[in-house]
Amino acid sequence: MTDGPHSLNRRELLKSGVRGAGLLGFGSAAGFLAGREAKAATRWQINPNQCIQCGRCATECVLEVSAVKCVHSYGMCGYCKLCTGYFEPEPINLDEGAENQLCPTGAIGRKFIEDPYYEYSINKDLCVACGKCVKGCNMFGNGSLYLQVSHDRCLNCNICAIATACPAQAFRQIPATKPYLLRGKGAAGT
Ligand code: SF4
Ligand code: SF4
Ligand code: SF4
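These lines cover the structure that appears in this document, whether it is placed above or below. (Residues numbered from 1 in each chain as written. Chains lettered and ligands numbered in written order. Predicted model: local features only at pLDDT ≥ 70, side-chain atom pairs only at ≥ 80, totals over all residues.)

## Some remarks on the overall build of the protein
Tallying secondary structure elements over the protein gives 4 helices and 7 strands in all. When the helices and strands of the protein are read in sequence order from the N terminus, they spell out α-β-α-β-β-β-α-β-α-β-β. Out of the 190 residues belonging to the protein, those deemed buried represent 29%. Long-range contacts, defined as pairs at least 24 residues apart, comprise 75% of the intrachain contacts of the protein with a sequence gap of at least 6. (Helix = DSSP H or I, 4+ residues; strand = E, 2+ residues; numbered from the N terminus. Buried ≥ 20, exposed ≤ 12 C-beta atoms within 10 Å, placed from the backbone. Contact = placed C-beta atoms within 7 Å.)

In structure tokens form, the structure reads like this:
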């Protein structure tokens, strides 16, 4: 079969289509790379001053166990014997019995320092980000317990599912070079 004008047109059309697809592909690849670079340059994080401890950090993360964890600013803590972030509102005893603890997973450790001071620490592996301790600490304490996205677990999703669900707009994207919004000095557990 000879190439008629229609074949030529078809061939040109095909060529330009391939070129277009190539350009489109290049455009998408460039867009994808730019998106990836932008994503790599930022991290999702919680502004602890905006968080209202609604509980969604525990339930909305795409991970089975949330990437959000409680952190503790030792510099702000009062080392209280009766810690309202540690104890149930009406504990039977002021001791480490599970029935007296607010944390549903036993993620908060309590250590006697000297009368009447105790040190509290978070076991990140057990924390499920329910925010109960944070609420308790904020209500009667110094606010030294608060929630942060833990970057050794977070997938840095393009759109963070918790950020979308957060009723307080407490999530934001911040520079990856400084990926935590820490309170006070001596914050630990990130
Ligand atoms: S979803 Fe927002 S308000 Fe609720 S606990 Fe998480 S950061 Fe706080
Ligand atoms: S946020 Fe919830 S699970 Fe985590 S330490 Fe506090 S009370 Fe325990
Ligand atoms: S970015 Fe993804 S993995 Fe990280 S906290 Fe949000 S939903 Fe969870």
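## Observations concerning the site of ligand 2
Taken together, 15 residues sit near ligand 2, with Cys103, Ala107, Cys127, Cys130 and Cys133 positioned nearest. Per-element accounting of the shell around ligand 2 gives the leading share, 3 residues, to helix H3 (residues 132-140). Here the residues of the shell around ligand 2 sort into 12 nonpolar, 2 polar and 1 charged. (Near = placed C-beta within 6 Å. Nonpolar A, V, L, I, M, F, W, Y, C, P; charged D, E, K, R; others polar.)

## Some words on the site of ligand 1
In the vicinity of ligand 1 there are 14 residues, among which Cys51, Cys54, Arg56, Cys57 and Cys166 approach most closely. For the shell around ligand 1, the per-class residue count stands at 11 nonpolar, 2 polar and 1 charged.

## Quick word on the pairing of strand E1 (residues 42-46)
Within E1, 4 of the 5 residues are buried, leaving the element largely enclosed by the surrounding structure. As paired strands, E1 and strand E6 (residues 171-175) are joined by 5 bridges and run antiparallel to one another. What sits directly across from Trp44, in E6, is Gln173. (Pairing = 2+ DSSP bridges.)

## Some details on unusual backbone geometry
In this chain, Asp115 is followed by Pro116 through a cis amide linkage whose omega measures 5 degrees. Phi is positive for Gln53, which is not a glycine, with a value near 55 degrees. Within the element layout of this structure, Gln53 appears in the loop between E1 and helix H2 (56-59). Under the C-beta neighbour-count criterion, Gln53 is labelled buried, with 22 such atoms within 10 Å. Of note in the backbone geometry, Tyr79 takes a positive phi value of approximately 50 degrees without being a glycine. Mapped onto the secondary structure, Tyr79 falls in the loop between strand E2 (68-73) and strand E3 (108-114). Its 16 C-beta neighbours within 10 Å are what place Tyr79 among the partly exposed residues.

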